[in-house]
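Observations on the model geometry
In case you want the letters, here they are:
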Amino acid sequence: MKTLLGQRSDFEQVISGLLTEAVDQGTFRSMPPRLATLQFLNLHNHTYQWVRTDGQWDAAFLSREYCATLFRGFGAPDHALPKLEKQAEAFKHDRPELPLDPEAGWNPPPATEAESRPGSGSGSA
């Protein structure tokens, strides 16, 4: 369970960092990073419950629709959406260490000294 919670926390930090970076660059409108992260996660969290591999929407279609919903909702008023594909490609090019598969090669971060002591931890889930 600790590993699963660590993965969730790491994933949320990645999403929060990316959203904060987009706000800092003026691509997304200003908003609290935690709220933006929760909105992103809520948009995606339950897709696995209804999507079907033989269904009417394939992964590429869903990806485009989710991105359009996300970016139009988060987008700064003067930011043009048509540049999005080029910006996404540049982002991936500038960060070759990031796998396209979020589970590829994931390693939990090393435990801090406080976390490694018995009876310690944040106590939150």
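Presented here is an overview of the structure given in this document. As the structure is a computational prediction, the values presented were derived from the model and not from experiment. (Residues numbered from 1 in each chain as written. Predicted model: local features only at pLDDT ≥ 70, side-chain atom pairs only at ≥ 80, totals over all residues. Heavy atoms only, no water.)

**Notes on the overall build of the protein chain**
From N to C terminus, the protein chain includes 6 helices and 0 strands. Walking the protein chain from its N terminus toward its C terminus, one meets helices and strands in the order α-α-α-α-α-α. Residue pairs at least 24 apart in sequence account for 57% of intrachain contacts in the protein chain once pairs closer than 6 positions are excluded. When the accessible surface of the protein chain is totalled, it reaches about 9,800 Å², and 57% of it is carbon and sulfur. (Helix = DSSP H or I, 4+ residues; strand = E, 2+ residues; numbered from the N terminus. Contact = heavy atoms within 4.5 Å. Areas by Shrake-Rupley, 256 points an atom, 1.4 Å probe, with all protein chains shown as cover.)

**Comments concerning the packing of helix 1 (residues 2-24) against helix 2 (residues 33-44)**
Geometrically, a packed helix pair is captured by the angle between its two axes and the distance between the axes. Packing of helix 1 against helix 2 leaves a shortest axis separation of 9 Å and a crossing angle of 115 degrees. Here helix 1 and helix 2 pass one another in a crossing that is right-handed. Across from Phe11, Glu12, Ile15, Ser16, Leu19 and Thr20 in helix 1, the residues of helix 2 making contact are Pro33, Arg34, Ala36, Thr37, Phe40 and Leu41. Broken down by class, the residue content of the contact of helix 1 with helix 2 amounts to 7 nonpolar, 3 polar and 2 charged. (Axes fitted to C-alpha atoms, helices over the stretch in contact; angles between N-to-C directions. Left-handed = near helix turned anticlockwise from the far one by under 90°. Nonpolar A, V, L, I, M, F, W, Y, C, P; charged D, E, K, R; others polar.)

**As for the side chain of Glu12**
As for its position among the elements, Glu12 is in helix 1. Given the relative accessible area of 19%, Glu12 is considered buried. Setting aside chain neighbours within four positions, we find Glu12 in contact with Arg34, Thr37 and Leu41. (Buried < 20%, exposed > 50% of the residue type's maximum accessible area, 1.4 Å probe, protein only.)

**Here's the deal with the packing of aromatic side chains**
Summed over all chains, the structure comprises 1 aromatic pair. Arranged with centres 5.9 Å apart and planes meeting at 90 degrees, the rings of Trp50 and Trp57 form a pair that is edge-to-face. Under the relative-accessibility criterion, Trp57 is labelled partly exposed at 37%. (Phe/Tyr/Trp six-rings, centres within 6.5 Å; stacked < 30°, edge-to-face > 60°.)

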